[in-house]
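Chain by chain, the residues run as shown.
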Amino acid sequence: MIQRIQTLWLLAAIAVLAVFCFLPFGSVAGKAIEVSSDIFVLASAVVSALLCLVAIFLYRSLGRQKTVIVASMAFALISAAFGTLTVLMDDGCSLSSLGWALLLPLAAVVAQIAAWRGVSADQRLLRSYDRLR
């Protein structure tokens, strides 16, 4: 299970999302907005990380694993979108109010895409073995 490359990518996505949960992702009137203060951003980031963890243990069903990875990507993107909207919806805020931490869910999506490609490679390999039998 751990020797598969997609497992390492999923663990990287979990780590990035965990770091995101503890960093401020923007500022409004000089006050930092943390992930823990916005329930929508926090919930979607936690759900994305949990889905990555579930996907690690679905190594026997590659189709389900790919589906769970795609759902995890969606929640990571929702987390970044909610964070951006939270900062921009406040009065007088601009794009300069956004923090660099909002890039972390996007980095998690990149890791999840790499994991999805790893699962696809495993599926192709298994199909080629089936043709040999």
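Heads up: the structure comes first, above all this text.
Draft legend 1. Structural view of the packing of aromatic side chains. The full count for this structure, using the stated rule, is two aromatic pairs. With a centroid separation of 6.5 Å and 40° between ring planes, the pair formed by Phe20 and Phe25 is classed as tilted. Residue classification places Phe25 among the buried positions, given a relative accessible area of 0%. When the centroid spacing of 5.5 Å and the interplanar angle of 40° are considered together, the rings of Phe40 and Phe82 count as tilted. You can see Phe40 sitting in helix 2 (residues 39-56) and its partner Phe82 sitting in helix 3 (residues 62-89), a full 42 residues away along the chain.

Draft legend 2. Region of interest: the packing of helix 1 (residues 5-20) against helix 2. Where helix 1 meets helix 2, the axes come as close as 9 Å, and the angle between the chain directions of the two elements is 160°. In terms of their interaxial angle, helix 1 and helix 2 are classed as roughly antiparallel. As for the relative orientation of helix 1 and helix 2, their crossing is left-handed in sense. Every residue of helix 2 that contacts helix 1 at Thr7, Leu10, Leu11, Ala13, Ile14, Leu17 and Phe20 is listed here: Val41, Ala45, Ser48, Ala49, Cys52, Leu53, Ala55 and Ile56. Considering only residue class, the contact of helix 1 with helix 2 consists of 13 nonpolar, two polar and no charged.

Draft legend 3. Focus on the environment of Ile14. Positionally, Ile14 belongs in helix 1. Separated by 60 residues in sequence, Ile14 and Ala74 have C-alpha atoms that sit 14 Å apart.

Draft legend 4. Up close: helix 3. With 28 residues, helix 3 extends 40 Å between its outermost C-alpha atoms, agreeing within 8% with the 40 Å of an ideal straight helix rising 1.5 Å per residue. Buried within helix 3 we find Leu62, Gln65, Lys66, Val68, Ile69, Ser72, Met73, Ala76, Ser79, Ala80, Gly83 and Val87.

Draft legend 5. Up close: the nonpolar core. Residues Leu10, Ala13, Ala55 and Ile69 are the most contacted members of the largest nonpolar core, which totals 17 residues. Of all elements in the fold, only helix 1, helix 2, helix 3 and helix 4 (103-132) reach the threshold of two or more residues within this core. Ranked by size, the runner-up nonpolar core spans twelve residues in total, among them Cys21, Phe25, Val35 and Val87.

What counts, and at which threshold
- Residues numbered from 1 in each chain as written.
- Predicted model: local features only at pLDDT ≥ 70, side-chain atom pairs only at ≥ 80, totals over all residues.
- Heavy atoms only, no water.
- Phe/Tyr/Trp six-rings, centres within 6.5 Å; stacked < 30°, edge-to-face > 60°.
- Buried < 20%, exposed > 50% of the residue type's maximum accessible area, 1.4 Å probe, protein only.
- Helix = DSSP H or I, 4+ residues; strand = E, 2+ residues; numbered from the N terminus.
- Axes fitted to C-alpha atoms, helices over the stretch in contact; angles between N-to-C directions.
- Parallel < 35°, antiparallel > 145°, perpendicular 65-115°, else oblique.
- Left-handed = near helix turned anticlockwise from the far one by under 90°.
- Contact = heavy atoms within 4.5 Å.
- Nonpolar A, V, L, I, M, F, W, Y, C, P; charged D, E, K, R; others polar.
- Expected span 1.5 Å × (residues − 1).
- Core = buried A, V, L, I, M, F, W, Y, C linked by side-chain atoms within 4.5 Å.

Note that all results are geometric; they support no functional claim without further evidence.
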